[in-house]
Amino acid sequence: MTTTTTRPRRRSLAAALAGAAVLSLGLTSAATAAPGAHQAPPRSAAVQRELDDLVRENGFPGVLAAVRDADGRVTNYTAGVQDLATGDPIHADGRVRIASNTKTFTAVVVLQLVGEGEVSLDAPVETYLPGVVRGPGGDGRSITVRQLLQQTSGLPDYDTVVADVTRGDTALLDIRHTYFEPSQLLQAALAAPAEFAPGTAWQYSNTNYLLAGLLVQRVTGRPIGEQITQRVIDRLGLEDTYWPAAGEQGIRGEHPRGYLAAGEDAPWTDVTETDPSLGWAAGQLVSTPSDLARFQAAVLGADGAEGSDVLAPAQRAELLQTVPAAEFEPEPGWSYGLGLAHRTLSCGVEAWGHGGDIQGYETRNLVTSDGRSVVVAVTALPRTLEDLSDVNAAVEAAVCDGRS
């Protein structure tokens, strides 16, 4: 890295931090109950202050959050503006690009195939993608499916090659309208040297989930986007979550504008219209905070969560088997399962989550075993490591604020 600040090598489709001058914005807020709820849960002033600070102190244009309580009721919060050009207040629970939260969806589909007897977690990738993984970056004969999902394969991250990490967010601005085929991304990764021998370490790599998507397609004979839609999105009734079509650069329905800056002193650039193919099975989905909160609770099998049968108990147990993942986030104590990460929070609560970064949007999210879930989305990539930590702190504070 040649940038002056760095973030952990994890779910980012931006390999360097975005930059811009702190903006002076009017603050707005809103809280609503989930449709069908008999009574809205109490609104937290502490949570609202955390989100307001992300706009006022960190300069994010807008913030959306969904806080789901143990009874499944959701309160939506906002801060900042929908569009810097108009200054309109941000709308609650708008659609955003959820980037690497897509990995959890992809992992769920792979695990469903494991439950159906179509895939074995400890089989070599070569079993399902013969001859596909060959090169300095790795060999599919020595990498297992489990190692893909758990980020222990040693495969280089295509993101840092294609997005040219040395040019930071300038490169992301340059390629935001570029359409990538998965084969292009895989070739770029395999041409770079492997990071380590499979199974000997942990390191975040989007290439792992690109291969997981290719594996799903080979086994089912159908596109990964279709499989995620039918097996997860439709099954859970996530009405505001969708897989963008090939070449689709806009965001459907109600959504805030997304921003990126080429450097610390550069102005915000509106990058709402972006081709998400760089993410593919590792980061292409669009969703809302409330949909993502519901999905998290179902995947974890949280108490009372609707749709928790999306994974059978045996496959959920595999998903929750973790290895240490020291560089997943700036905060210590993270471990990584099969598309979901774990940490004990400062208030003593055990929480699971993922999160994602893509041009224009960052999401961070946590869910607990009793069904509480928090999703925070900001409408620009963080400019500094401190900004990233403050987003994480806002999520953690909301989880701890609602603990019983």
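Residues numbered from 1 in each chain as written. Predicted model: local features only at pLDDT ≥ 70, side-chain atom pairs only at ≥ 80, totals over all residues. Heavy atoms only, no water.

Most of strand β2 (residues 74-80) is tucked away, with 7 of its 7 residues classed as buried. Where strand β1 (residues 62-68) meets β2, 7 bridges bridge the pair, whose relative direction is antiparallel. The residue bridging Ala65 from the neighbouring strand is Tyr77, located in β2. Two successive antiparallel strands, β1 and β2, enclose a turn made up of 5 residues, where Gly72 displays a positive phi of approximately 85 degrees. (Buried < 20%, exposed > 50% of the residue type's maximum accessible area, 1.4 Å probe, protein only. Helix = DSSP H or I, 4+ residues; strand = E, 2+ residues; numbered from the N terminus. Pairing = 2+ DSSP bridges.)

Let us look at unusual backbone geometry. Positioned with a positive phi, Ala99 is a non-glycine residue whose angle comes to about 50 degrees. Note on placement: Ala99 falls in the loop between β3 (96-97) and α2 (102-115).

Turning to helix α9 (residues 289-300), a few remarks are in order. The first and last C-alpha atoms of α9 sit 17 Å apart over 12 residues, in line with the 16 Å expected at 1.5 Å per residue. The buried fraction of α9 amounts to 11 of the 12 residues, a majority that puts the element mostly inside the structure. Trailing α9 by a residue or two, Gly301 shows a phi angle of about 70 degrees, which is positive. (Expected span 1.5 Å × (residues − 1).)

On inspection of all chains with the given rule, the structure shows 22 salt bridges. With its nearest N and O atoms 3.9 Å apart, the salt bridge here joins Asp71 to Arg73. The residue Arg294 makes a salt bridge to Glu306 at a minimum N-O spacing of 3.2 Å. Here Glu306 lies in the loop between α9 and α10 (313-319) and Arg294 lies in helix α9, a separation of 12 residues in the sequence. (Salt bridge = Lys/Arg side-chain N within 4 Å of Asp/Glu carboxyl O.)

These results come straight from atomic positions and should not be treated as a statement about function.
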